[in-house]
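# Summary of structural features
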Amino acid sequence: MTNGVKRKRVAVMFGGRSVEHEISVITALQLIDAIDVVKYEPVPVYIAPTGKWYSGNALLQREFYKNMPGSLSQVVEVTLLPKPGAKGLTILRPKKPSGGWGGLFKSAPEEDDEVPIDVFFPAFHGSFGEDGCIQGLLEMAGVTYTGCDVVSAAVSMSKYHCKKFLESHGIPVLPSVLISKESVESGLGSNLANIRAQILNTPGFEKFPLFVKPANLGSSIGISKASDNASLDAALLKAFKYDHQVLVEPCLEQKMEINVSVLDDEVPIASVVEIPVASGEELTYEDKYMRGGGKGKKGGGGPQTLGMAGLTRVIDPADLDNETKELARKYAQEAFVKLGCAGVARIDFMLDLSKNQIYFNEINPLPGSLSYYLWVKSDPVVLYTDMLTKIIERAELKQSRKQMLSREIGFQALFKA
């Protein structure tokens, strides 16, 4: 209760069964640190790599994750039941601990077995969280949640299908070849040479180098640059460790990566552009999350790593012509709208410097650090706290529109004489 007004409870969901697990933890702690605590009471909801859900104040401490699994005794196991009308999280250990709820939650649940939630805020990256899976559960439960819905999340996270969809709407993309793990396994590995031949005989793929990446992941995990037959085979096998589908793309000899963030509104708005700076030829996981690492400001019980916000980058570069900047922003807004995205997303492009041609590369429907760093230098400036409020309010509007839809027409065909 703040000034007599009850704050809305926002369940910030993070972790999950993904190789991007730790990046999700960083994003969530940054989010909780920045949320408007006058309007909202954040409730951390952590999904462990095992798939079990937990909630409690201890999740706000970085040391909690260092001391797992022993630290799990400090929190309570919860879940969300997939039934409309659920008021929030169901506590799976309904008996109160000896010290009561005070040490677990900022405010005690009204019931012994339920933590009421007004809005769910997914902060996952990668599989089972950013790709439509958790959104399906939230839809089944009929709750208010932020960000993309099932379809927009699923299509956005499938790099191949996303590129094909946006290409059909006039947004330029580089060619790509989709390879399934099953096609390699069906010959007990002997098909690898045939798969390689299929790739190299595809128009636009006649020469090396080529990029190989998991088709449904982000954070530069599992990505390789293949320079010959042997490294192509190795790159395919590496990517298949993380995904059942692999995407192969040509490598531009002279290129520049350009990223833009888009924020949901009645007419979605685009941020300024950025040019991420790699330590080598290509951006790596270490570039994105560790090279600029350091410490951020204190919040959520202790200093936070910067995560994606720590990547070395040039924001609104002065030496990039305005025409290219505006074209990237235009394509980013169009991609966001066509895909039906919500919340905030980051859209990544490749600029072929030899032809001055820009190509859509991928969209991050739930970007690391929610790309807040791009908005503090945009015009107008959007502060992180205000951005989170906007995302939550848009989610509430989306839910109110859903509730106006007719969901049943009664029994007619079943009992027709």
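Here's a quick rundown of the structure. Treat the numbers as computed from the prediction; the structure is a model and nothing was measured.

Okay, the nonpolar core next. Core analysis: the largest hydrophobic core is formed by 35 residues, its most contacted members being F14, L370 and M387. Looking at which element gives the most residues to this core, the answer is helix α1 (residues 21-34), with six residues. Filtering out sequence-adjacent residues up to four positions away, F14 remains in contact with S24, V25, A28, P44, V45, Y46, I47, L59, Y65, A123 and F124. Core analysis: the next-biggest nonpolar cluster, separate from the first, contains 27 residues, V260, A332, C341 and F349 among them.

Here we come to the environment of K6. Note on placement: K6 falls in the segment before β1 (8-15). The exposed category is assigned to K6, whose relative accessible area is 61%. A C-alpha to C-alpha distance of 8.7 Å links K6 and Y40, two positions 34 residues apart in sequence.

Right, let's talk about helix α3 (residues 133-141) for a bit. Residues of α3 that are buried include every one of I134, Q135, L138 and A141, and no others. For α3, the angular spread of the buried residues around the axis is 120°, confining them to a single face. Downstream of α3 by one or two residues, G142 has phi in the positive range, about 70°.

For the structure shown, the criterion picks out four cavities of 30 Å³ or more. Each pocket or cavity is described by its volume, and for the second largest cavity that value is around 80 Å³. Lining of the second largest cavity is provided by F121, P122, T146, G147, A342, G343, V344, P365, L366, L370 and I391. Looking at the lining of the second largest cavity, its residues break down into eight nonpolar, three polar and no charged.

Using the criterion set out here, one finds nine aromatic pairs in the structure. Cation over ring: R17 sits above F128, and NZ or CZ is 4.1 Å from the ring centre. For K398, the ring lying beneath its charged end belongs to Y145, and the centroid distance is 4.8 Å.

This part takes up the side chain of E274. Position of E274 relative to the elements: it lies in strand β13 (residues 269-276). Looking at E274, the relative accessible area reads 0%, which means it is buried. Apart from the residues within four sequence positions on either side, E274 is in contact with E257, I258, N259, R313, V314, I315, R346, Y373 and L374.

On a regular strand, each side chain points to the face opposite its neighbour's, so the side chains alternate between the two faces of the sheet. The element strand β17 (residues 344-352) is extensively covered by neighbouring structure, given that nine of its nine residues are classed as buried. Burial of β17 is two-sided: the residues V344, R346, D348, M350 and D352 facing one way and the residues A345, I347, F349 and L351 facing the other way are all buried. Across nine bridges, the pairing between strand β12 (residues 255-263) and β17 is antiparallel. Looking at the pairing, V262 lines up with A345 of β17. Where β17 meets strand β18 (residues 357-364), seven bridges bridge the pair, whose relative direction is antiparallel. For I347, the partnering residue across the bridge sits in β18 and is I363. Linking β17 to β18, which pair antiparallel, is a turn of four residues; within it N356 sits at a positive phi near 55°.

Our focus in this paragraph is the packing of α1 against helix α12 (residues 384-402). It is at 9 Å that the axes of α1 and α12 come closest, and there the two elements cross at 95°. Classed by the angle they form, the pair α1 and α12 counts as roughly perpendicular. Here T27, Q30, L31 and A34 of α1 lie close against α12, whose contacting residues are Y384, T385 and L388. Classifying every residue of the contact of α1 with α12 by side-chain character gives four nonpolar, three polar and no charged.

So, how was this worked out
Residues numbered from 1 in each chain as written. Predicted model: local features only at pLDDT ≥ 70, side-chain atom pairs only at ≥ 80, totals over all residues. Heavy atoms only, no water. Core = buried A, V, L, I, M, F, W, Y, C linked by side-chain atoms within 4.5 Å. Buried < 20%, exposed > 50% of the residue type's maximum accessible area, 1.4 Å probe, protein only. Helix = DSSP H or I, 4+ residues; strand = E, 2+ residues; numbered from the N terminus. Contact = heavy atoms within 4.5 Å. Arc of directions from axis to C-beta. 1 Å grid on protein atoms, 1.4 Å probe; cavity = no way out; pocket = protein on both sides within 12 Å on 5 of 7 lines; lining within 4 Å. Points joined across faces, edges and corners; volume = space filled by probe spheres on them. Nonpolar A, V, L, I, M, F, W, Y, C, P; charged D, E, K, R; others polar. Phe/Tyr/Trp six-rings, centres within 6.5 Å; stacked < 30°, edge-to-face > 60°. Lys NZ or Arg CZ within 6 Å of the ring centre and 35° of its normal. Pairing = 2+ DSSP bridges. Axes fitted to C-alpha atoms, helices over the stretch in contact; angles between N-to-C directions. Parallel < 35°, antiparallel > 145°, perpendicular 65-115°, else oblique.

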